[in-house]
Amino acid sequence: MTRRSWDITDRQQAVLSCIRAHILDRGEAPSVREIGRAVGLSSPSSVLYQLRRLEQVGAVVRASGTGWRDYRLS
């Protein structure tokens, strides 16, 4: 797997690490609430903000028109 470099914050890196670990461990992406618990964000809207920013920089890809569990690392 090629390591990519994005211009992201430490919090966004923590979200990516959480997603990667969850997919490796369970075979599916974590829920918004699971990500929040793992990285210390109590508000689902804060997690969604981080996910949208990661989507904008190309770090995660979400299947069109689906929920946030239907995303993958790019």
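Cut-off values and rules
- Residue positions within a chain follow its written sequence, with the count starting from 1.
- Since the coordinates come from a predicted model, pLDDT governs what is reported: local features require at least 70, and pairs of side-chain atoms require 80 or more to be given and counted, while whole-chain, interface and lining totals use all residues.
- As a convention, hydrogens and water are excluded, and side-chain values are obtained from all of the structure's heavy atoms.
- A run of H or I in DSSP counts as a helix once it spans at least four residues, and a run of E counts as a strand once it spans at least two, with each numbered from the N terminus.
- Each helix should span, by expectation, one fewer than its residue count multiplied by 1.5 Å.
- Buried, partly exposed and exposed residues are distinguished by accessible area as a fraction of the type maximum, computed with a 1.4 Å probe on protein chains only: under 20%, between the cut-offs, and over 50%, respectively.
- As used here, the arc belongs to the directions running from the helix axis to the C-beta atoms.
- Between two residues, a contact is recorded if the distance between any of their heavy atoms is within 4.5 Å.
- Only one rule defines a salt bridge in this text: a Lys or Arg side-chain nitrogen within 4 Å of an Asp or Glu carboxyl oxygen.

Here we take up helix H3 (residues 44-57). Given a rise of 1.5 Å per residue, 14 residues ought to cover 20 Å, and the 20 Å separating the end C-alpha atoms of H3 matches this to within 8%. Listed in full, the buried residues belonging to H3 are Val 47, Leu 48, Gln 50, Leu 51 and Leu 54. Angularly, the buried residues of H3 cover 160° about the axis, an arc narrow enough to put them on a single face. Of the surrounding elements, those touching the buried residues of H3 are helix H1 (10-26), helix H2 (32-39), strand S1 (60-62) and strand S2 (71-73). Gly 58 lies just past H3 and shows a positive phi near 90°.

This part covers the pattern of salt bridges. Evaluated as defined, the whole model comprises three salt bridges. For Glu 34, the salt bridge goes to Arg 26, with nearest N and O atoms at 3.7 Å. Here Arg 26 falls in the exposed class, since its relative accessible area comes to 53%. Across the pair Glu 55 and Arg 62 runs a salt bridge, and its minimum N-O distance is 4.0 Å. By relative accessible area, Glu 55 is classed as partly exposed at 29%. Classification of Arg 62 by relative accessible area gives partly exposed; the value is 31%. One connected set of salt bridges, linked through shared partners, spans Asp 25, Arg 26 and Glu 34.

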